[in-house]
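Fold and contact review
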Amino acid sequence: MRFFKKDSPTPGHGKGGRHGNNNNNNNNDVGVIADHHRKAMYHWQSEGSKKSSVDDMVLLTKITEDAITDNLKRRLMEDKIYTYIGPVLVAVNPFKQLPYFGDKELEMYQGAATYEVPPHIYAVADTMYRNMLIDSDNQCVIISGESGAGKTVSAKYIMNYITKVSQGSSKVQHIKDIILESNPLLEAFGNAKTTRNNNSSRFGKYIEIQFSRGGEPLGGKISNFLLEKSRVHSLNDGERSFHIFYQLCAGADSNMGEQLGITTPDYFQYLAQSDVYKVDNMNDAHEFQETLNAMNVMGITEDTQLDILRIVAAILHMGNITFAEQGNAAYIVSPDYLAFPAYLLGVSAEALGQKLVSRVFDSKWGSKSERVDVTLNMEQAQFTRDAWTKGLYAQLFDYIVETINKAMMTDANLINLGILDIYGFEIFGKNGFEQFCINYVNEKLQQIFIDLTLKSEQEEYNAEGIQWKPIKYFDNKIVCELIESKRPPGIMSILDDTCATMSAKSEGADEDFHRKMESQVGTHHHYQKFNQGFMIKHYAGNVSYHIDGFCEKNRDVLFPDIIEVMQSSTNPFICSLFSDGAQGGGKGRPGVGTKARYEGKGRPTTAGMKIRTQANELVTTLTKCVPHYIRCIKPNETKKPHDWDNQMAKHQVEYLGLKENIKVKRAGFAYRRPFHKFLQRYAILSPQKLANSPSNPTQAIDSIMATINMDRDQYQIGYSKVFIKDPESLYMIEECRERKLDYYIRVIQNAFRKFFCKQKSNKVAMEASQLFLNRKERRENSLNRNFHGDYIGMDFRPALSALIPRREKVLFALTVDKLDRQFRKSKRDLILTKGGLYLIGLVKIKKGPEKGKIVQALKRKIDLENVTQATLSTLRDNLVVIHVRNDYEMVLEVEFKAELIMLLNRELKKHHKRELPLNFTNNITYSVKKMRWGMNSQKKLVFTTGTGKEPEFVSSGNTLTIKVPPGLPNTSWPTGKRVITPDIRMLGATLNASSNKKLPVHKKRTPPNHHPSPPASHHSPPAGNQRAAPGFPPRPIGQPPRPSLGLTSHFPLRPTMPPPSPSPSFNPSRPPMGTESPPTTRNGSASGGGGGGGGSGRPMMPGQNRFVARNPSFNNPSPIRPPMHQIRPPPPPSDPPPEDQPTVGTRPPFGVRPPVPLNKPKPKKPQVRALFDYNARDSDEMSFSAGDVLDLEEEGEC
Ligand SMILES: Nc1ncnc2c1ncn2[C@@H]1O[C@H](COP(=O)(O)OP(=O)(O)OP(=O)(O)O)[C@@H](O)[C@H]1O
Ligand SMILES: [Mg+2]
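Now for a quick tour of the structure. (Residues numbered from 1 in each chain as written. Chains lettered and ligands numbered in written order. Predicted model: local features only at pLDDT ≥ 70, side-chain atom pairs only at ≥ 80, totals over all residues. Heavy atoms only, no water.)

Right, let's talk about the coordination of the magnesium ion (ligand 2) for a bit. Within the protein, T152 (OG1) and S201 (OG) serve as the donor atoms for the magnesium ion (ligand 2), at 2.0 to 2.1 Å. Placement of T152 in helix 5 (residues 151–165) and of S201 in strand 5 (residues 200–201) is noted, with a sequence separation of 49 residues between them. For the pair T152 and S201, a shared accessibility class is recorded, and that class is buried. (Donors = N, O, S within 2.8 Å, 3.2 Å for Na, K, Ca; no water. Helix = DSSP H or I, 4+ residues; strand = E, 2+ residues; numbered from the N terminus. Buried < 20%, exposed > 50% of the residue type's maximum accessible area, 1.4 Å probe, protein only.)

What follows is the structure, encoded as structure tokens:
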């Protein structure tokens, strides 16, 4: 899989957009590949389902809220919960576990291009992770949606994916464990059952996972926002408090239960008030164990764990303290209830009781300050109790977040990936200060989304002068300002003002705030007053907030005397939570700590101030990252699978602005880049050389686009950036770039290979020449050719290879002529391995079912250690006599004798520590195998200089005289100028031993009974002693070879390869000897070939054959063999020349005049079909495309 950067949703960051289902209009390769890929790939979303929906809603034919809702519904009903809008992922809560989150999907989405795989949250996670690594940019994913829409589940899937796909050591694994285990721990303390969600997050969290540049998670940081701590003491009907309370009740063992005074939850007033203790599908006891386990992973000791649970229990016990009133003074109904919480908190019961019913105020009279002890009424006492318990709980929660942060803290300066899972927008029957804050944060997130996906996108088009039809959308900035503006004061500022002037007692403050709002923001379009409060028209709907408690909750003060009591605790853990330095343990949480924190004009910080600051800081952090979006949709309130509440879903589609999102995406551009960056990356595609900073970048971009045939409507050039419309077009450019790079890489590789091979080749040529220097005349081709070693193509000859021991590497393989005792030549395959010399020929099976069948067989094996000497003439002939210890000699005519001798010598030196003795003489006496007792086994070879162009063999009795044409002087030395020799395809098809006919030897006329008997043939043998293949006159030994054929084209051609046989029966791999293919003569004419081959298989002298068209795999100038299986037989010539008629280039039989046909039919040229595309790289090559049919022509025609 390629590793190029995946599209990212940030228009401003110049990255491409995501697309899902691509209706690829570009009729280009990439599209075809993409489509093909998609079809070929199995996926849960594609299997068995007819296409009733689109997986990218940019492709919807009608863009209306109804169409969007309907599309989401159809998909949910098919269990497809993910849908794209370009780069934005819309996730519908299925309310059931779906099967596509397993290892298979983890594997499948890694590095996958988005068009290859259906929409999935893993694709978002993968894009983030990969883009982070490639760009070294921080990434974040903003998960939004209303309560119960699936944000927390989505966040967990992302964390899970990232931790699974990132590598790392055991230390990294520990960090991963902390990241994953932070979820159950934070959920135990921060989540609760609400009417909208059984596991509702009652705090916001932004988790940043910090990575090394190599992608290992090395640390992390969690920022938490506004815990809904009032849940500790007040529950709405049908809701529960934080899970940990129920977990403790269900999971504490008897020992712990006794220590902490834990019993059933209905005993505790705080839990009993809503009368809901159980949550469907939630096992509190089991989850308690998970919480404890998570604490262990965080490194929280068992003692501290107990301290934490002590506080949890103390809160429950404090909730059971009730008050009555006498004379306007509160008293504790049952002081017995003080003992246990006091014990758990390590304070005295008296102090606890006293601080619940009275409060110390610092009052100033002029320059004097005085502490005044004030008794509280019942309502105030209850308020104090609840403020105390929620203060305690908030401290505890902050401690847990800090502990997690400490456990995964790192000093390294790293890149990070942030996941924002914040409480969702919520509307309850009665909404208070908490809902106001929660919904405000959601407004802010919606604002970021609008800013980055709608607003700035459109602004950028305008700024760049891109033709653009603006899309209207609701910008919720106006609502954010209503809430957070400082000047003119928005609701939060009005609230802070009210709190600043409010007396110690809060009576009347809320009403004061209500009045002030009416006078200051009463005319705002998104504000409306009602008796008990006010209504805000949020982006997600109208929410009515009840005014009571706003001021108290905003002031959020834990009274100093309560903190003093806590600091007096005998339990060091509790003391530390309230220590000065820790500022109440909570990084200055408002009102907690011995001193209130101050901000601005010396005012103490308020909860509103804090959430506003946090929200703005969060926005700053997020806008510094490359954002990704997941828009969660809740399909129903019943929490049941496949239940679709159309109105509810449509409402979310509306307020999330999905329609506008699609419109902008559709009209917009998936990708943009500044000119210089674009040119830097894609200049490679331009046929002209583009300077790094061309004077006319737009022209340069146009030229690049023209080169790749980019449709004009697919891109626009702005003032400083180029915009590309569809992701498919971006993929196309990327693909073209990759291909181009690939091509250059191969050019460089080839150049290197060529260089090294040339060096190697020169070295071996010299090594071989050294052996013959001053001893033997040479041939030009022998001196300066490349040594290939295997001229048969052993890799494609399994039957032949089977005759050689498997482990023995073939060093040399060539079809040679072996001289028998009558000096007749027979074809043999000669194979040299480190073990020995193998001579393979054809034999007829004498017995059994296959009787009569001709098969390859090992004719002779000479162990290398038994090779004692080689004898050669001093002339330029190819005869080699191999002397064998205690055995008869072997006489071979070897086309590439220098290479063979050099390799033999090398192997003997390497494995037997001796050189091959070489004898050069023109009178060689040798012995042949003794067939019968008393026969003369001595034979003689006499070499003389002849006048012909080829050696002439004349036998007389036991002597064979070879008249050898003059060669190059024996002092010749390689020039380094390569003569390209035929490679294995030619040799495999022509010089192989399958033509195991006994070759005629040009002899002096001797009586016919001494002649070798000609092979069975329906053709008369030609004049003289030559035997001709049927329909194809042979070339006698000593005659120059016929001109070979070449593949011609309209392009300049380069000599490298011999042609494959154009015969209809051409088989790229050499058939087994003497079986599938008719034997060929030395002249290469097939005995059954009918002569239509036009000279196929004719012998070709090294360097003489010219196969001129090249394909990519033939480019390598090294002796690496081309893949033979890639060559297919050419289509049969439809009109072959008559069988017995010589074709172009054939030569008439020796001494016989060829008949001259009156109307000589022009033979149809053999053709070959290209299997793949090839771009010519040199001027002597030709380009072709897959499927092109090319003519094979004689070289002269080129
Ligand atoms: N992809 C999912 N597969 C299966 N069930 C899911 C999926 N997403 C959500 N759910 C179900 O919906 C419930 C609510 O989801 P979740 O807690 O993620 O909502 P939320 O958006 O975080 O809500 P809140 O704002 O209240 O925290 C989950 O507990 C789970 O039962
Ligand atoms: Mg949640």
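Having seen the structure, we can now continue with the description.
In this section: a positive patch on the surface. Positive charge collects at one region of the surface, where K760, K809, K834 and K910 lie side by side. Residue placement: K809 occurs in the loop between helix 30 (798–801) and strand 22 (810–819). We classify K809 as exposed; its relative accessible area is 63%. (Patch = residues over 30% accessible without salt bridge, like charges linked within 9 Å, V, L, I, M, F, W, Y side chains within 5 Å. Areas by Shrake-Rupley, 256 points an atom, 1.4 Å probe, with all protein chains shown as cover. Salt bridge = Lys/Arg side-chain N within 4 Å of Asp/Glu carboxyl O. Lys, Arg positive; Asp, Glu negative; His and termini not counted. Charge placed at Lys NZ, Arg CZ, Asp CG, Glu CD.)

This part takes up the environment of T263. With respect to the helices and strands, the residue T263 is situated in the loop between helix 8 (254–260) and helix 9 (269–272). The exposure class assigned to T263 is partly exposed, which follows from its relative accessible area of 33%. Put simply, T263 and L248 are 15 residues apart on the chain and 9.1 Å apart in space, counted from C-alpha to C-alpha.

Taken together, 20 residues sit near ligand 1, with N93, S147, G148, K151 and S200 positioned nearest. In the environment of ligand 1, an oxygen atom lies 2.9 Å from a nitrogen or oxygen atom belonging to the backbone of G150. Interatomic distance of 3.4 Å between a backbone N/O atom of N199 and an oxygen atom of ligand 1. Of all the secondary-structure elements, those providing two or more residues to the shell around ligand 1 are helix 5 and strand 5. At 4 residues, the largest contribution of residues to the shell around ligand 1 is made by helix 5. Looking at the shell around ligand 1 residue by residue, the classes come out as 7 nonpolar, 10 polar and 3 charged. (Near = heavy atom within 4 Å. Polar contact = N/O pair within 3.5 Å; in protein donor to acceptor, adjacent residues only side chain to side chain. Nonpolar A, V, L, I, M, F, W, Y, C, P; charged D, E, K, R; others polar.)

Turning our attention to the nonpolar core. Where a protein is soluble and globular, its nonpolar side chains tend to be buried together. Counting residues in hydrophobic clusters, the biggest one holds 182 residues, and the most contacted among them are F189 and F534. Per-element tally for this core: the top contributor is helix 11 (residues 302–319), with 10 residues. Not counting chain neighbours up to four residues away, the residues in contact with F189 comprise L227, F242, I244, T291, I308, V312, Y393, L396, F397 and I400. Core analysis: the second largest hydrophobic core is formed by 35 residues, A768, V894, L918 and F920 among them. (Core = buried A, V, L, I, M, F, W, Y, C linked by side-chain atoms within 4.5 Å. Contact = heavy atoms within 4.5 Å.)

A word on the side chain of T389. Along the chain, T389 turns up in helix 14 (residues 378–407). The exposure class of T389 is buried, given its relative accessible area of 0%. Within the local environment of T389, its side chain forms a polar contact with the backbone oxygen of D386, the two atoms lying 3.0 Å apart. With sequence-adjacent residues up to four places away left out, T389 is seen in contact with V232, Y270, I315 and M318.

Purely spatial values, then, with no claim about function.
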